[in-house]
Amino acid sequence: MKTNRRCRALLAVSLNLMALLFSTTAFITTHWCEGTQRVPKPSCGKEKKTNCLNYGGNETANETNQNVVHYSWETGDDRFLFRYFHTGIWYSCEENINAAGEKCRSFIDLAPASEKGVLWLSVVSEVLYIMLLVVGFSLMCLELFHSSSVIDGLKLNAFAAVFTVLSGLLGMVAHMMYTQVFQVTVSLGPEDWRPHSWDYGWSFCLAWGSFTCCMAASVTTLNSYTKTVIEFRHKRKIFEQGFREEQNFLDQEAIKYFRERSVQSGTAAGQVSMGSAASREPRLSPTAA
């Protein structure tokens, strides 16, 4: 029993550690959602020759004279660039079309005013989710390596299960609130940021993977606690039954013993009384006869 219980505890600790690593990574990265944004192509110039609009004519003259009407034969999506972007809880980064690298801005500033409260609540829930995971992981490690008795281990096991379940519920709520805020921001956010197409990224997958590992750890911990309690109750029941049978056997032996003693005492008393009666009987002398 002790080996199986230790294996279950090791599994719960491993799952909790994975959940903690996944949630922390997802919280600090910016790939919850990713996709493309449609932006107008810039005008071609001396430094930019590709992915731009060439209006023809003298480029220098066109750049200096603002009153010149520019014409381009490109229509539809040919007039736009599709730049890659990715967004996290804290920042939204997009490809820089005028230079190498990316430029980032705060996602909290991009969110509509009506959704800022929900976004901050999501951030607080994510922080509490990670903190409760740390507490649950600490209790599981304490139960695994430093519990002096089975009863103390069961107490730590129960508290670890409670904290892990609470953290999982908070994580689920936080992920759903962030998804809601992002979808509203897609519709009501700034014009220069609104995505043309988007999908969930690997950070989002890590966040829900963390939730899955967290709930698996809580179920494993509860299973270990329940199974240990059931085994103790079963052993206690067997012990009580054995003790009761032994007590009944001893009681029967005692009754039999005292019954035999009482029978022997009664027999001896009868023999003594018969001997006394025989000794008191009158005897005829030969002269009298």
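Residues numbered from 1 in each chain as written. Predicted model: local features only at pLDDT ≥ 70, side-chain atom pairs only at ≥ 80, totals over all residues. Heavy atoms only, no water.

As annotated in an unreviewed UniProt entry, the protein carries the name Germ cell-specific gene 1-like protein and is attributed to Copsychus sechellarum. Within the UniProt record for the protein, the comment given under Sequence similarities (unreviewed entry) is "Belongs to the GSG1 family." (UniProt positions renumbered as here; feature names shortened; annotations may be inferred.)

Q: Run through the overall build of the protein, naming residues and quoting values.
A: Scanning the protein from N- to C-terminus turns up six helices and five strands. The linear arrangement of helices and strands in the protein, starting from the amino end, is α-β-α-β-β-β-α-α-α-β-α. Within the protein, buried positions represent 33% of all 289 residues. Excluding contacts between residues fewer than 6 apart, the proportion of contacts in the protein whose partners are at least 24 apart in sequence is 72%. As displayed, the protein offers around 18,100 Å² of accessible surface, 62% of which is attributable to carbon and sulfur atoms. (Helix = DSSP H or I, 4+ residues; strand = E, 2+ residues; numbered from the N terminus. Buried < 20%, exposed > 50% of the residue type's maximum accessible area, 1.4 Å probe, protein only. Contact = heavy atoms within 4.5 Å. Areas by Shrake-Rupley, 256 points an atom, 1.4 Å probe, with all protein chains shown as cover.)

Q: Hey, could you go over empty space enclosed by the protein for me, with residue numbers and the actual values?
A: Scanning all chains against the criterion turns up one cavity of 30 Å³ or more. For the largest cavity, the calculated volume is near 60 Å³. What lines the largest cavity is R8, A9, A12, L139, M140, E143, L156, N157, A160, T221 and S224. For the lining of the largest cavity, the secondary structure elements donating two or more residues are α1 (2-28), α4 (116-145), α5 (150-188) and α6 (202-280). (1 Å grid on protein atoms, 1.4 Å probe; cavity = no way out; pocket = protein on both sides within 12 Å on 5 of 7 lines; lining within 4 Å. Points joined across faces, edges and corners; volume = space filled by probe spheres on them.)

Q: Give me the pairing of strand β4 (residues 102-106): which residues, what numbers.
A: Across five bridges, strand β3 (residues 91-95) lies against β4 in antiparallel orientation. Bridge pairing in β4 places E94 opposite K103. Turn length for the β3-β4 hairpin, with the two strands adjacent in sequence and antiparallel, is six residues, and the turn residue G101 shows positive phi of about 95°. (Pairing = 2+ DSSP bridges.)

Q: Requested: an account of the UniProt feature "transmembrane region" (unreviewed entry) in the protein, with residues and values cited.
A: The sites that carry the UniProt feature "transmembrane region" (unreviewed entry) are, in the present numbering, residues 127-146, 158-180 and 200-226. For residues 127-146, helix accounts for 95% and strand for 0%, while the C-alpha atoms at its two ends are 28 Å apart. Annotated as 100% helix and 0% strand, the span residues 158-180 places its first and last C-alpha atoms 34 Å apart.

Q: Account for the packing of aromatic side chains, naming residues and giving values.
A: Summed over all chains, the structure comprises 14 aromatic pairs. Centre to centre, the rings of F27 and W90 are 5.7 Å apart; their planes meet at 85°, and the pair counts as edge-to-face. Of this pair, F27 sits in helix α1 while W90 sits in the loop between β2 (80-87) and β3, and the two are 63 residues apart along the sequence. When its relative accessible area of 28% is taken as the criterion, W90 is described as partly exposed. Between W208 and F211 the ring centres are 5.5 Å apart and the planes differ by 85°, which places this aromatic pair in the edge-to-face class. Separated by three residues within a single helix, W208 and F211 lie in helix α6, roughly one turn from each other. By the ring-pair criterion, three or more aromatic residues cluster together here, those being W32, F85, F107, Y178, F182, W193, W198, Y200, F204, W208 and F211. (Phe/Tyr/Trp six-rings, centres within 6.5 Å; stacked < 30°, edge-to-face > 60°.)

Q: Run through the environment of V127, naming residues and quoting values.
A: Note on placement: V127 falls in helix α4. V127 gets classed as partly exposed once you look at its relative accessible area, which sits at 34%.

Q: Lay out the pattern of salt bridges in plain terms, naming residues and giving numbers.
A: Counted by the stated rule, this structure contains four salt bridges. Note that R105 and D192 form a salt bridge whose closest N and O atoms lie 3.2 Å from each other. Of the two residues, R105 is situated in strand β4 and D192 in the loop between α5 and β5 (197-200); the sequence distance between them amounts to 87 residues. Between E191 and R194 there is a salt bridge, with the nearest N and O atoms lying 3.3 Å from each other. Under the relative-accessibility criterion, R194 is labelled partly exposed at 30%. (Salt bridge = Lys/Arg side-chain N within 4 Å of Asp/Glu carboxyl O.)

Q: Outline the environment of S114, listing residues and values.
A: Relative to the assigned elements, S114 resides in the loop between α3 (107-110) and α4. Counting along the chain gives 67 residues from S114 to V181, while the straight-line C-alpha distance between them is 9.5 Å.

Q: Talk me through the nonpolar core; I want residue IDs and the actual numbers.
A: Buried together is how nonpolar side chains tend to be arranged in soluble globular proteins. Within the largest apolar cluster, 27 residues are counted, with the highest numbers of intra-cluster contacts made by W32, F107, L119, Y178, F182 and W193. Counting only elements with at least two residues in this core, the list comes to α1, α3, α4, α5 and α6. The contacts of F182, once residues within four sequence positions are left out, are C33, F85, T87, F107, W193 and W198. A12, V13, L15 and A217 belong to the second largest nonpolar core, which has 11 residues in total. (Core = buried A, V, L, I, M, F, W, Y, C linked by side-chain atoms within 4.5 Å.)

Q: Break down the confidence of the model for the protein for me, with residues and values.
A: Per-residue confidence for the protein averages 77 on the pLDDT scale, and 62% of its residues sit at or above 70. Across residues 58-65, where pLDDT falls below 50, the model places 11 contacts with residues more than four positions away in sequence or in other chains. For the stretch residues 67-73, pLDDT sits under 50, and the model shows seven contacts to residues farther than four places along the chain or on other chains. (pLDDT = per-residue confidence, 0-100.)

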